[in-house]
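Examining the three-dimensional arrangement
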2 protein chains.
Amino acid sequence: MVLLRQEIGDVLRHARRQQGRTLREVSSQARVSLGYLSEVERGQKEASSELLASICGALDVPLSSVLSEVSQRVAAAENLVVDAVRVPDTVPDDLAKDVALRAGGLVSAA
Amino acid sequence: MVLLRQEIGDVLRHARRQQGRTLREVSSQARVSLGYLSEVERGQKEASSELLASICGALDVPLSSVLSEVSQRVAAAENLVVDAVRVPDTVPDDLAKDVALRAGGLVSAA
């Protein structure tokens with residue numbers, strides 16, 4: 001199963017690192033705790049819509065851009081799951097395992 | 001402020017209605033309570049990533065498609081907010097008021 005919070009977390013972390021900013025800087029500007037932002041970035045906590053908007057504001061990235069990138073990542077993951085189920089040989093082992101984990105055990109790693 | 005849960009809720013409700021299905025049918029198939037699904041559709045409750053995936057599964061709509069549509073709606077709303085702030089005359093009054101409400105008071109309705 002592809003989880004929205006993991007993809008959102010990845011995109012937010014990527015945006016922050018691209019700007020060369022620390023968790024402390026962004027969390028302070030977004031008025032969220034450092035621990036909360038860290039958990040959101042690692043996909044361990046669901047960001048509420050308000051706090052997601054606040055984090056996007058602190059990163060100066062439109063929410064729509066984050067969602068667009070997330071949508072593309074989710075689409076890629078969905079296709080990988082389908083491919084892995086249908087034609088396991090076309091997916092590298094480590095990638096297939098990663099996808100299998102995300103798919104919640106849908107795919108048994110070869 | 002554009003809130004993710006409101007846009008997700010709108011898109012999910014639109015998809016369900018397009019299929020001519022009831023809240024009861026979809027909630028039962030998604031294994032969520034009818035009240036929960038109803039609140040999610042109205043943007044009153046954040047759907048967890050797991051339950052969002054489950055609702056998308058019940059609707060037979062890829063999560064990526066939902067997010068792509070949500071991203072476009074959020075982009076449109078973001079542009080409306082910017083336009084409303086910059087050139088109030090170009091936005092119909094009722095629309096400007098709606099956007100103003102969503103923007104959390106950023107824009108004062110004329």
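The structure this text deals with has already been given above.
**A short note on the overall build of chain A**
Of regular secondary structure, chain A possesses 6 helices and 0 strands. Order of helices (α) and strands (β) in chain A, N terminus to C terminus: α-α-α-α-α-α. Per-residue burial for chain A yields a buried fraction of 37% across its 110 residues. Here the contacts in chain A between residues at least 6 apart in sequence split such that 46% fall between residues at least 24 apart.

**Focus on the interface of chain A and chain B**
Between chain A and chain B, the residue contacts involve 21 residues of the former and 21 residues of the latter. A total of 9 residues in the side of chain A that touches chain B trace back to one element, the largest contributor, which is helix 5 (residues 63–86) of chain A. Within the side of chain A that touches chain B, the residues separate by chemical class into 12 nonpolar, 5 polar and 4 charged.

**Remarks on the relation of the copies chain A and chain B**
Between the two copies, chain A and chain B, the superposition gives an RMSD of 0.0 Å; the rotation angle is 180° and the shift along the axis is 0.0 Å. The symmetry that links the two subunits is that of a two-fold axis. Take the interface residues of chain A: 100% of them recur as interface residues in chain B, which is what a same-surface contact looks like.

**Notes on the packing of helix 2 (residues 23–30) of chain B against helix 4 (residues 49–59) of chain B**
Residue and element names in this part refer to chain B. Contact geometry for helix 2 and helix 4: axes closest at 8 Å, N-to-C directions at 120°. One finds that helix 2 runs oblique with respect to helix 4. Here helix 2 runs over helix 4; the crossing is right-handed. Of helix 4, the residues touching helix 2 (which contributes Val26, Gln29 and Ala30) are Ser54, Ile55, Gly57, Ala58 and Leu59. Of the residues belonging to the contact of helix 2 with helix 4, the class tally is 5 nonpolar, 3 polar and no charged.

The rules behind each value
- Residues numbered from 1 in each chain as written.
- Chains lettered and ligands numbered in written order.
- Predicted model: local features only at pLDDT ≥ 70, side-chain atom pairs only at ≥ 80, totals over all residues.
- Helix = DSSP H or I, 4+ residues; strand = E, 2+ residues; numbered from the N terminus.
- Buried ≥ 20, exposed ≤ 12 C-beta atoms within 10 Å, placed from the backbone.
- Contact = placed C-beta atoms within 7 Å.
- Nonpolar A, V, L, I, M, F, W, Y, C, P; charged D, E, K, R; others polar.
- Least-squares fit on C-alpha atoms with pLDDT ≥ 70 in both.
- Axes fitted to C-alpha atoms, helices over the stretch in contact; angles between N-to-C directions.
- Parallel < 35°, antiparallel > 145°, perpendicular 65-115°, else oblique.
- Left-handed = near helix turned anticlockwise from the far one by under 90°.

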